[in-house]
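# Coordinate analysis (summary)
Residues per chain are reported as follows:
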Amino acid sequence: LPPEAAHRAAVMTLRHRIGPAPDLPPLPVRVAGLDFANPLGLAAGFDKDASCPDGALKLGFGHVELGTITPHPQPGNPRPRVFRLPADRAVINRYGFNSGGMAAAASRLDQRRARQAGIIGINVGANKTSPAPTEDYRIAVARLAAHADYITLNISSPNTPGLRDLQTADNLRRLIAAGRDGLAEAGCVRPLFIKLAPDLAPADIEAIAATAVDAGVAGLIATNTTIARPDGLRSGHAGETGGLSGAPLFAMATHVLAEIAGRLPAGGPVLVGAGGVASGWQAYAKILVGASLVQLYTALALEGPDLPARVIRELATLLDADGVSNISAARGQIPDADAAMQHALRLAQSA
């Protein structure tokens, strides 16, 4: 199937809860006041319209992040807008926040029955043509917060013009305030997360970390897709415009994660490691540099529905091989990204 058709088919399949229901080792972790059965989550971008949260959780994920959901429906960018790079184990997408909007998503979440155990995050963004993007976040949070265990403000998609400008310190402060206003309007207390780009200079990372600490943000997700094109990409679609995800993003995203971790004080925002995760050792590397949770999406698209259970089992094996009793004990034990990746890979090869 073409990649977007395959994506729609996967969402519909999980909407009907068709797929494996694995028996998994417990890897509990408490993050931002929430209890996760395991640290692995499905990143935003897969279930853009809150169509299949329970089917996705059934695959073994400890949490599923829905969205990105915008206040108003929008079609996204013209097709084709998603491309497989099989030789690089990667994907490029320029979906552009295609979404049925917050009202349709809220209606689906209202109708959930026989809910699967697990944590639901809702990732919100601004409409492409919005005259006041920051206000869009307040509106979406206010409408959707009651359905979420946590809220993520997505300011890092490369496919909405001007969105990444919200990562500057002044704009970020205003955005966080808008998110809090939305929570107050909804009458909800929910952890607020920010999703960041990998294409950040050290000064940007320092400013974002300081702003997040000052504002009391619950967590930072590092990272979204990249606009960079690393040397050595072999697939025919490597030159397509959009965000690159999958294997070529792993090292870059892990370095950014480590840099952010090094700038956060004890007791500051928790970290969620995303970008290029396709195995237990890659998840473990992100935990070792400081992540409390890990997310994946592209590897699920490329490898299929058995992947989450495989990653969780591999992660449990690595913890045991390292003599570590739980996720919290492993978190941040190897702050250097290269050293963490090398250690996790060596452990996997010998386990």
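Note that the structure is a prediction, hence the values are computed from the model and not measured. (Residues numbered from 1 in each chain as written. Predicted model: local features only at pLDDT ≥ 70, side-chain atom pairs only at ≥ 80, totals over all residues. Heavy atoms only, no water.)

## What to know about the sheet that holds strand β6 (residues 90–93)
Quick reminder of the rule: When DSSP finds two or more bridges between two strands, those strands count as paired. By the criteria applied, helices consist of DSSP H or I runs no shorter than four residues and strands consist of E runs no shorter than two, each listed in order from the N terminus. Axis definition: a line fitted to C-alpha atoms, limited for helices to the stretch in contact. Angles are taken between N-to-C directions and run from 0 to 180 degrees.
Read from one edge of the open sheet, 3 strands run β5-β6-β11, paired in antiparallel fashion. Strands at the two margins of the open sheet, each flanked by one partner only, are β5 (82–85) and β11 (243–246). Ignoring strand direction, the axes of neighbouring strands in this sheet form an average angle of 20 degrees. Across 4 bridges, β5 lies against β6 in antiparallel orientation. Along β6, the bridge assignment pairs R84 with V91.

## What about the nonpolar core?
As a reminder of what qualifies: Each nonpolar core is a collection of buried residues, namely Ala, Val, Leu, Ile, Met, Phe, Trp, Tyr and Cys, held together in the definition by side-chain atoms within 4.5 Å. The buried label goes to any residue with under 20% of its type's maximum accessible area, the exposed label to any with over 50%, and the partly exposed label to all in between, with areas taken from a 1.4 Å probe on protein chains only. The contact rule is simple, with two residues in contact once any of their heavy atoms fall within 4.5 Å.
Counting residues in each nonpolar core, the largest one holds 100 residues, and the members touching the most others are I122, Y137, I151, L153, I194, I260 and Y284. Excluding residues within four positions of it along the chain, I260 makes contact with L196, I205, L220, A222 and L271.

## A few points about the pairing of strand β10 (residues 219–222)
If a strand is regular, its side chains alternate between the two faces of the sheet. This is how it is decided: Crossover handedness is defined here as right-handed if the route from the first strand over the helix to the second strand goes clockwise, with the strands pointing away from the viewer.
A two-sided burial pattern is seen for β10, the buried positions comprising G219 and I221 on one face and L220 and A222 on the other. One ladder, built from 4 bridges, connects strand β9 (residues 192–196) with β10; its direction is parallel. Its bridge partner being in β10, I194 is matched across the sheet by L220. In the classification by handedness, the crossover that spans β9, the intervening helix α6 (residues 202–215) and the parallel β10 is right-handed. For β10 and strand β12 (residues 270–274), the ladder comprises 4 bridges, and the chain directions are parallel.

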